[in-house]
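Take a look at the letters that make up each chain.
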Amino acid sequence: MNYTDLVADVSTVGSIKYHQNWSRLDSAGILGEAEKWIYSKLRVRQMTATDDVAISSAATTAAFPTGYLDPIHLSIPGFISSIKMLDPERFRSQLGWDESAVLPEAMPTRWADIGGLMQFNSKADQAYTAKFVFYKMPLALSADNLTNFLTDRYPTLLRRVCLMFASEERKEFDSMDRHEIKAMSLIEDIKKESDMGMRGLEADFGWEGND
């Protein structure tokens, strides 16, 4: 399975149009929707990434890396091994604001996801380069990116979701519902498979260095 075949004409075996036997389908649009739908529901190790987060001097916020979905770990090498993420209520309740709602100048030690930005618990006392491990939306399939882990490892899931949206475009809602049920079942199976990849993992559960 690859991008070229998926968006090919109705006579190409394996294409979205071939499976639906309808040449008028917007195959590229359907494929793009299918990928986004899958990535909204799936988190597997193939979606993990690392990137730098630039924290400017005196900044209280930073932008998320491109493609950010969910956090795993944030640190500043040489300064702090883990900048802990808090829920917005707990984060805000622990801020050391003065009476003018100005934060103290210090190295960030806590953060929260508020307003689409990384919000820190202090004004950075200098410029920092943090290292972020997170779940990232993979590069979309295209003429310049013919395959990815979905086409290589989970082609059945991708095909099911493409056919779900193709059925919706054709207003074949019973077929759409059946494809969605099968796709969701596959996602649950993939989650279980992903859990097996953690065999041998030594977990802390917050007992070490708990603060």
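Quick caveat, the model's predicted, so the values are computed rather than measured. (Residues numbered from 1 in each chain as written. Predicted model: local features only at pLDDT ≥ 70, side-chain atom pairs only at ≥ 80, totals over all residues. Heavy atoms only, no water.)

Overview of the sheet that holds strand S5 (residues 110–114)
Read across the sheet, four strands follow the order S2-S6-S5-S4 without closing on themselves; strand pairing throughout is mixed. The strands lining the two open edges of the sheet, one partner per strand, are strand S2 (61–62) and strand S4 (84–85). Both S4 and S5 contribute to a ladder of two bridges, which runs parallel. Bridge assignment links Met85 to a residue of S5, and that residue is Trp111. (Pairing = 2+ DSSP bridges. Helix = DSSP H or I, 4+ residues; strand = E, 2+ residues; numbered from the N terminus.)

Topic: helix H3 (residues 27–39)
For H3, with 13 residues, the first-to-last C-alpha span of 18 Å sits near the 18 Å given by 1.5 Å per residue. Within H3 the residues assigned to the buried category are Ser27, Ile30, Leu31, Ala34, Glu35, Trp37, Ile38 and Tyr39. (Expected span 1.5 Å × (residues − 1). Buried < 20%, exposed > 50% of the residue type's maximum accessible area, 1.4 Å probe, protein only.)

Notes on the pattern of salt bridges
Inspection of the entire model under this criterion finds five salt bridges. Notably, a salt bridge pairs Arg170 with Glu172, separated by 3.7 Å at the nearest N-O pair. Judged by its relative accessible area of 29%, Arg170 is partly exposed. (Salt bridge = Lys/Arg side-chain N within 4 Å of Asp/Glu carboxyl O.)

Structural notes on the packing of H3 against helix H6 (residues 155–169)
Look at H3 against H6: their axes get within 9 Å of each other, and the N-to-C directions meet at 120 degrees. What the angle tells us is that H3 and H6 run oblique. In this structure, H3 crosses over H6, and the sense of that crossing is right-handed. Residues Ile30, Leu31, Glu33, Ala34, Glu35, Trp37 and Ile38 of H3 pack against Leu157, Leu158, Val161, Cys162, Met164, Phe165, Ala166 and Glu169 of H6. Class assignment of the residues belonging to the contact of H3 with H6 gives a composition of 12 nonpolar, no polar and three charged. (Axes fitted to C-alpha atoms, helices over the stretch in contact; angles between N-to-C directions. Parallel < 35°, antiparallel > 145°, perpendicular 65-115°, else oblique. Left-handed = near helix turned anticlockwise from the far one by under 90°. Contact = heavy atoms within 4.5 Å. Nonpolar A, V, L, I, M, F, W, Y, C, P; charged D, E, K, R; others polar.)

A word on the sheet that holds strand S1 (residues 48–55)
On the basis of which strands lie adjacent, the open sheet formed by three strands has the order S1-S7-S3 and antiparallel pairing. Only two strands of the sheet have a single neighbouring strand rather than two, namely S1 and strand S3 (68–75). Averaged over all neighbouring strand pairs, the angle between strand axes comes to 35 degrees, with direction disregarded. Relative to strand S7 (residues 128–136), S3 runs antiparallel, the two sharing six bridges.

Examining unusual backbone geometry
Within the chain, Asn21 stands out as a residue other than glycine whose phi angle is a positive 55 degrees. Mapped onto the secondary structure, Asn21 falls in the loop between helix H2 (16–20) and H3. On the basis of relative accessible area, Asn21 is assigned to the exposed category, the value being 62%. Positive phi, normally seen in glycine, also occurs at Ala101, with a value near 60 degrees. By secondary structure assignment, the location of Ala101 is in the loop between helix H4 (88–93) and S5. The class for Ala101 is partly exposed, based on a relative accessible area of 48%.

Overview of the side chain of His179
Relative to the elements of secondary structure, His179 occurs in helix H7 (residues 173–196). Overall, His179 belongs to the buried group, its relative accessible area being 12%. Among residues more than four places away in sequence, those in contact with His179 are Arg160, Leu163, Met164 and Ser167.

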